Amino acid sequence: MNEKIIKKNSIAIGIMLSSVILSEYVSFLPKGIIFLIFIPFFYLIFINKHNLSVKHNSNVIVFLIVMVLFCVWSIFLSGFKSVTIKYVTEFLCLGIPFLLVSKYHIDAILVFRTIVVLGTISIPSQLNRVNIELVNYIDDGEILMQISYNLLKASIASILLLAFDRSRIFKLISLLNIWFSFLFLFMVGSRGAALSFLLSIVLVFLYYRNRIINFFSLKMILLYSVSFLFLFNIVPVLEYIMFFMYSNDIKSIGLDRIIDSMVNDVELSTGRGLILEKALQGFFDSPLFGNGIGSFDNYSGKYTHNIVTQALYEGGLVFGAPIVVLVVYSVIVLNSKMDEESRWIYIYLISSCLIQLMLSSYFWCSSLLWFMFGILLRNMKYKIRLFSCNYVK
């Protein structure tokens, strides 16, 4: 395929994947994020107008039809309730475009470079959302969580560039981005975002030289041992880290909360266990077709904080099971045979969105998840080469 087209595809998709990060810069426009998604989307269609065949996209088309039927059924089932309309609208704007653009050939390194550059540019706007000082933060969990996951998208791309890119300039930019994200995530950021950050480092470490993980290799045994020792002594380790940070006048809201919960036997999940229990009960009450999109929010005023239970509660076995299967498959496929760039893309997408959706948020608004689903669906039946293997110099 034309190398210029691949470069244009990569930059356009990188912009689309960074749309949430950049949305602050177009806040003067109503729903400015839509412009950041659909301008590159239509540009991709235009430059790839000779590659519009549906032949290799049957899996995506079938999945898309099922999701659209799910949306229509849910709207009528809910009686046009606002939460359902909101989730359906988010799927139309953040889901369908990313499912469709997943067919275009891209260069993974150039996608990551685009995300890192845009993420670095967006740092001032992210910090301006709260009056950020290293010692005194506004205690607004929702805002801090949004900033955490916005920074995470660029920081994980930075980790991959630091490991695999050949450009020294981008390695330096990536290193600065990683350092800033580390400070933010582990001092005031979301625990889920911090966990995703660590997971991406572990995945890059495991796959740095190997296409397939040997779970009984010396490297894996060392990882098991370190993990066991850390988890066995996690409270003393965290308390030591806290002591070191406090002695240097550094505050960590996340560590404070975790240690307090462990020492005082307080539920760390902030009620998520009860929410998951109610969601599973709702699935068993209506296991075939579920309760409709946004139904748990309409019922309780909260989302389920877990993609699997949300999919089953809302869609049952008919509409929800395909989503659960793709979530499970996304983890399994990571250890299958594939070219290096494909594996980098999977590492990025799993680290950037899957942990967040297992611990918090809801999946209808996750553009990264729909993009990953599109790639997974295209690889299930047809062995198509999705990515180029060329580094961009």
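Residues numbered from 1 in each chain as written. Predicted model: local features only at pLDDT ≥ 70, side-chain atom pairs only at ≥ 80, totals over all residues. Heavy atoms only, no water.

### Examining the overall build of the protein
In terms of regular secondary structure, the protein is built from 17 helices and zero strands. Long-range contacts, defined here as pairs at least 24 residues apart, represent 74% of the contacts in the protein between residues at least 6 apart. Here the protein displays about 19,100 Å² of accessible surface, and carbon together with sulfur accounts for 69% of that area. (Helix = DSSP H or I, 4+ residues; strand = E, 2+ residues; numbered from the N terminus. Contact = heavy atoms within 4.5 Å. Areas by Shrake-Rupley, 256 points an atom, 1.4 Å probe, with all protein chains shown as cover.)

### Quick notes on the environment of Ser 342
Topologically, Ser 342 is positioned in helix H16 (residues 340-359). On the accessibility criterion, Ser 342 (7% relative accessible area) is buried. Linking Ser 342 and Ile 375, residues 33 residues apart in sequence, is a C-alpha distance of 9.4 Å. (Buried < 20%, exposed > 50% of the residue type's maximum accessible area, 1.4 Å probe, protein only.)

### Re the confidence of the model for the protein
On average, the protein scores 77 in pLDDT, and the residues at 70 or more come to 71%. Within the protein, the lowest mean pLDDT, 56, falls on helix H12 (residues 253-263), and the highest, 92, falls on helix H1 (residues 3-17). Throughout residues 132-139 the model reports pLDDT below 50, and contacts reaching past four residues in sequence, or to other chains, amount to eleven contacts. The low-confidence segment residues 382-393, where pLDDT is below 50, has 38 contacts with residues more than four positions distant or belonging to other chains. (pLDDT = per-residue confidence, 0-100.)

### Considering the nonpolar core
Grouped together as the largest cluster of nonpolar side chains are 94 residues, with contacts concentrated most on Trp 364, Trp 370 and Phe 373. In terms of residue count, the dominant contributor to this core is helix H7 (residues 141-164) (13 residues). Here Phe 373 is in contact with Phe 63, Leu 99, Ile 323, Leu 326 and Val 327, once residues within four sequence places are set aside. (Core = buried A, V, L, I, M, F, W, Y, C linked by side-chain atoms within 4.5 Å.)

### Things to note about the side chain of Ser 158
Tracing the backbone through its elements, the reader meets Ser 158 in helix H7. Non-local contacts of Ser 158, meaning those with residues more than four positions away in its chain, are made with Val 116, Ser 174, Asn 177 and Ile 178.

### Some thoughts on the packing of helix H8 (residues 168-187) against helix H9 (residues 191-207)
The N-to-C vectors of H8 and H9 enclose an angle of 140°; their axes lie 9 Å apart at closest approach. Classed by the angle they form, the pair H8 and H9 counts as oblique. When you trace H8 past H9, the crossing you get is left-handed. Listed contacts from H9 to Ile 178, Ser 181, Phe 182, Leu 185 and Phe 186 of H8 are Ala 193, Ala 194, Phe 197 and Leu 198. (Axes fitted to C-alpha atoms, helices over the stretch in contact; angles between N-to-C directions. Parallel < 35°, antiparallel > 145°, perpendicular 65-115°, else oblique. Left-handed = near helix turned anticlockwise from the far one by under 90°.)

### A few points about the pattern of salt bridges
Taken as a whole and judged by the stated rule, the model has two salt bridges. Glu 90 is the salt-bridge partner of Lys 86, the closest N and O atoms lying 3.2 Å from each other. With Lys 86 and Glu 90 both in helix H5 (residues 82-101) and four residues apart, the pair spans about one turn of that helix. For Lys 86, a relative accessible area of 40% translates into the label partly exposed. Judged by its relative accessible area of 15%, Glu 90 is buried. Linking Asp 165 and Arg 113 is a salt bridge whose minimum nitrogen-to-oxygen distance equals 2.8 Å. Within this pair, whereas Asp 165 is found in the loop between H7 and H8, its partner Arg 113 is found in helix H6 (residues 108-127), the two being separated by 52 residues in sequence. (Salt bridge = Lys/Arg side-chain N within 4 Å of Asp/Glu carboxyl O.)

### A short note on the environment of Asp 285
Within the secondary structure, Asp 285 is located in helix H13 (residues 272-285). Judged by its relative accessible area of 59%, Asp 285 is exposed. Separated by 28 residues in the primary sequence, Asp 285 and Tyr 313 have C-alpha atoms spaced 9.1 Å apart.

### Describing H5
With 20 residues, H5 extends 29 Å between its outermost C-alpha atoms, agreeing within 8% with the 28 Å of an ideal straight helix rising 1.5 Å per residue. Along H5, the sharpest change in direction is near 35° and occurs at Phe 91. (Expected span 1.5 Å × (residues − 1). Bend = angle between axes of the 7 residues up to and from the residue.)

### A word on H1
Structural remark: α-helix, 3.6 residues per turn; residues separated by three or four positions point the same way. For H1, which comprises 15 residues, the first-to-last C-alpha distance of 21 Å matches the rise-based estimate of 21 Å (1.5 Å per residue) to within 8%. Of all the positions in H1, only Ile 5, Ile 6, Asn 9, Ser 10, Ala 12, Ile 13, Gly 14, Met 16 and Leu 17 are classed as buried. Residue Asn 2 occupies the N-cap position of H1, its side-chain oxygen lying 2.8 Å from the main-chain nitrogen of Lys 4. (Polar contact = N/O pair within 3.5 Å; in protein donor to acceptor, adjacent residues only side chain to side chain.)

### Quick look at a nonpolar patch on the surface
A surface patch of nonpolar side chains, about 470 Å² in accessible area, is lined by Val 68, Val 72, Phe 76, Phe 80 and Ile 85. Considering each element in turn, the nonpolar patch owes the most residues, three residues, to helix H4 (residues 58-78). Considering the arrangement of structural elements, one finds Phe 80 in the loop between H4 and H5. (Patch = residues over 30% accessible without salt bridge, like charges linked within 9 Å, V, L, I, M, F, W, Y side chains within 5 Å.)

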